[in-house]
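# Chain and residue survey
Each chain is listed here by its residues.
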Amino acid sequence: GLSELRARRDELSGRIRSEEAERGRLQARIATLSRRLSETSESLAGLRSARAHIDRTISEIDTASGKILDNSQTLLDVLKEQMRDLGKVIEP
């Protein structure tokens, strides 16, 4: 009986060492993955910020382009009107 208990104890000791080694490997992997997750989160924050800046710039450019087109059309309308008025003045 005693030799069986010792054999069982040795078997359990081997399993314990194996599980402890696996636990250590998993903890190391968790630490590595946690660092990668943190780095990726920081990178994403920077990328999202850059995209938001570009979105704002595009919006500002679109707004400015619209204003330029409106002003150009107004200028053309004024020029056409002045050309008509000039044509009336030239024609007796």
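Residues numbered from 1 in each chain as written. Predicted model: local features only at pLDDT ≥ 70, side-chain atom pairs only at ≥ 80, totals over all residues. Heavy atoms only, no water.

### Some points on the overall build of the protein
Regarding its fold elements, the protein presents 1 helix and 0 strands. In terms of C-alpha radius of gyration, the protein reaches 39 Å, well past the compact-globule figure of 12 Å for 92 residues. Here the C-alpha coordinates of the protein stretch approximately 135 × 15 × 10 Å along the principal axes. Per-residue burial over the protein gives 0% buried out of 92 residues. Working note: accessible area of the protein is about 8600 Å², and carbon and sulfur atoms make up 58% of it. Charge separation in the protein, taken as the distance between the mean sites of 17 positive and 16 negative side-chain charges, equals 11 Å. (Helix = DSSP H or I, 4+ residues; strand = E, 2+ residues; numbered from the N terminus. Rg over C-alpha atoms; globule rule 2.2 N^0.38 Å. Buried < 20%, exposed > 50% of the residue type's maximum accessible area, 1.4 Å probe, protein only. Areas by Shrake-Rupley, 256 points an atom, 1.4 Å probe, with all protein chains shown as cover. Lys, Arg positive; Asp, Glu negative; His and termini not counted. Charge placed at Lys NZ, Arg CZ, Asp CG, Glu CD.)

### Here's the deal with a nonpolar patch on the surface
Residues Leu75, Leu76 and Leu79 make up a contiguous nonpolar surface patch of roughly 280 Å² in combined accessible area. Its location among the elements puts Leu75 in helix α1 (residues 2-90). (Patch = residues over 30% accessible without salt bridge, like charges linked within 9 Å, V, L, I, M, F, W, Y side chains within 5 Å. Salt bridge = Lys/Arg side-chain N within 4 Å of Asp/Glu carboxyl O.)

### Considerations on the pattern of salt bridges
What the rule picks out here adds up to 2 salt bridges. Of the charged contacts, one joins Arg8 and Glu11 as a salt bridge, the two residues approaching to 3.6 Å between their closest N and O atoms. Of this pair, Arg8 and Glu11 are both found in helix α1, 3 residues apart, which corresponds to roughly one turn of the helix. Here Arg8 falls in the partly exposed class, since its relative accessible area comes to 42%. Note that Arg25 is salt-bridged to Glu22, the shortest N-O span being 2.8 Å. Here Arg25 and its partner Glu22 are both found in helix α1, 3 residues apart, which amounts to about one turn of the helix. In this structure Glu22 comes out as partly exposed when scored by relative accessible area, which is 33%.

### A closer look at the UniProt feature "coiled-coil region" (unreviewed entry) in the protein
UniProt records the feature "coiled-coil region" (unreviewed entry) at residues 2-36, using the numbering of this structure. Across residues 2-36, the secondary structure splits into 100% helix and 0% strand, with the terminal C-alpha atoms separated by 51 Å. (UniProt positions renumbered as here; feature names shortened; annotations may be inferred.)

### Some words on the environment of Arg25
Taking the C-alpha atoms as reference, Arg25 lies 83 Å from Glu81; in sequence the two are 56 residues apart. Only 2.8 Å separates the side chain of Arg25 from the side chain of Glu22, close enough to count as a polar contact. (Polar contact = N/O pair within 3.5 Å; in protein donor to acceptor, adjacent residues only side chain to side chain.)

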